[in-house]
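A structural walkthrough
Each chain, letter by letter, is given below.
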Amino acid sequence: MAPTLTKRSRGGVVKQFSIFAENKVGRLNDLVSLLAGKDVHVLAICLVDTTDSTIIRIVVDYPEVAAPILKAGGFAYSLGDVMAVELQTEAQLKLVTCALVQAEINIHYIYPFLMRPNGRTGLVVHLEDHDLATDVLKRNNISVLSQSDLAR
């Protein structure tokens, strides 16, 4: 049975974990195994590594379930807001970037979903103004997702 979301996200905003980990063999596997063992699904993932450490950015289906699991597993993290958009075709990527540039909204980083419910594709986008971006993208017929859209 899927847990209930404790708080409904405002449109276009989903929770992203930025997990700080040692840059060593097996650490990503430890993280993925820990979450999978508790039935938490990693829907999107991006890694940025340096010589000594790695920032693992993930979006999961139930962040309120993942948070205590990560803490108990010894993973240091911060939790922040990102935007999630659904793409019907790869051509919609141009629509997303064009709409955001016309509104003068800077994209800090972007990465794809691995999988979403119903096999749909999408992007995780970190940018300056989520509320304005949500409005702009919706006006351009881009599907903007909320955290509840990611729940299984």
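A brief structural summary. Just so you know, these numbers come straight off a predicted model, no measurement behind them.

Another point: the pattern of salt bridges. Per the counting criterion, the structure on display carries three salt bridges. Here Asp 81 ties to Lys 15 by a salt bridge, and the two come within 2.6 Å at their closest N and O atoms. With a gap of 66 residues between them, Asp 81 in strand β4 (residues 76–87) and Lys 15 in strand β1 (residues 13–22) connect regions that are remote in the sequence. You can call Asp 81 partly exposed: its relative accessible area is 22%. What makes Lys 15 partly exposed here is its relative accessible area of 29%. The salt bridge involving Arg 27 is made with Asp 30; its shortest N-O contact spans 3.7 Å. With Arg 27 and Asp 30 both in helix α1 (residues 27–37) and three residues apart, this pair spans about one turn of that helix.

Moving on, we get to the environment of Leu 43. In this fold, Leu 43 is placed in strand β2 (residues 42–49). Here Leu 43 falls in the buried class, since its relative accessible area comes to 0%. In the structure, Leu 43 is positioned 81 residues away from Val 124 in sequence and 10.0 Å away in space, judged by C-alpha atoms.

Bringing the packing of aromatic side chains into the picture now. Across all of its chains, the model carries two aromatic pairs by this definition. Here the aromatic rings of Phe 17 and Tyr 77 are separated by 5.2 Å at their centres, their planes lie at 75°, and the arrangement is edge-to-face. Linking Phe 17 in strand β1 with Tyr 77 in strand β4, this pair joins segments that are 60 residues apart in sequence. For the pair Tyr 109 and Tyr 111, a centre-to-centre distance of 6.3 Å together with 20° between the ring planes defines the contact as stacked. In this structure, Tyr 109 and Tyr 111 share a single accessibility class: buried. Over the face of the ring belonging to Phe 75 we find Arg 27, whose NZ or CZ atom lies 4.0 Å from the ring centre.

Let us look at the packing of α1 against helix α2 (residues 63–72). Orientation of α1 relative to α2, taken along the N-to-C sense of each, is 130°, at an axis distance of 10 Å. Classified by the angle between their axes, α1 and α2 sit oblique to one another. The element α1 and its partner α2 pack so that their crossing is right-handed. Contacts from Leu 31, Leu 34 and Leu 35 of α1 reach α2 at Ala 66, Ile 69 and Leu 70.

Definitions and cut-offs
Note that residues are indexed from 1 along each chain, following the sequence as it is written. Only residues with pLDDT of 70 or above have their local features reported here, since the model is predicted, and side-chain atom pairs are shown and tallied only from 80 upward, although totals for entire chains, interfaces and linings are computed over all residues. Note that water and hydrogens are dropped before the side-chain values are worked out from all heavy atoms of the structure. For this analysis, a salt bridge means a side-chain nitrogen from Lys or Arg found within 4 Å of a carboxyl oxygen belonging to Asp or Glu. Every helix listed is a DSSP run of H or I at least four residues long, and every strand listed is a run of E at least two residues long, numbered separately from the N terminus. Partly exposed residues are those whose accessible area sits between 20% and 50% of the maximum for their type, while under 20% is buried and over 50% is exposed, using a 1.4 Å probe and protein chains only. Within 6.5 Å between ring centres, the rings of Phe, Tyr and Trp (the latter by its six-membered ring) count as paired, and their orientation is classed by plane angle as stacked under 30 degrees, edge-to-face over 60, tilted in between. To sit over a ring, a charge needs its Lys NZ or Arg CZ within 6 Å of the ring centre and within 35 degrees of the ring normal. Axis definition: a line fitted to C-alpha atoms, limited for helices to the stretch in contact. Angles are taken between N-to-C directions and run from 0 to 180 degrees. An angle below 35 degrees is read as roughly parallel, one above 145 as roughly antiparallel, one from 65 to 115 as roughly perpendicular, and any other as oblique. What makes a crossing left-handed is the near helix being turned counterclockwise from the far one by less than a right angle; a clockwise turn instead makes it right-handed. What makes two residues a contact is simply this: any of their non-hydrogen atoms within 4.5 Å.

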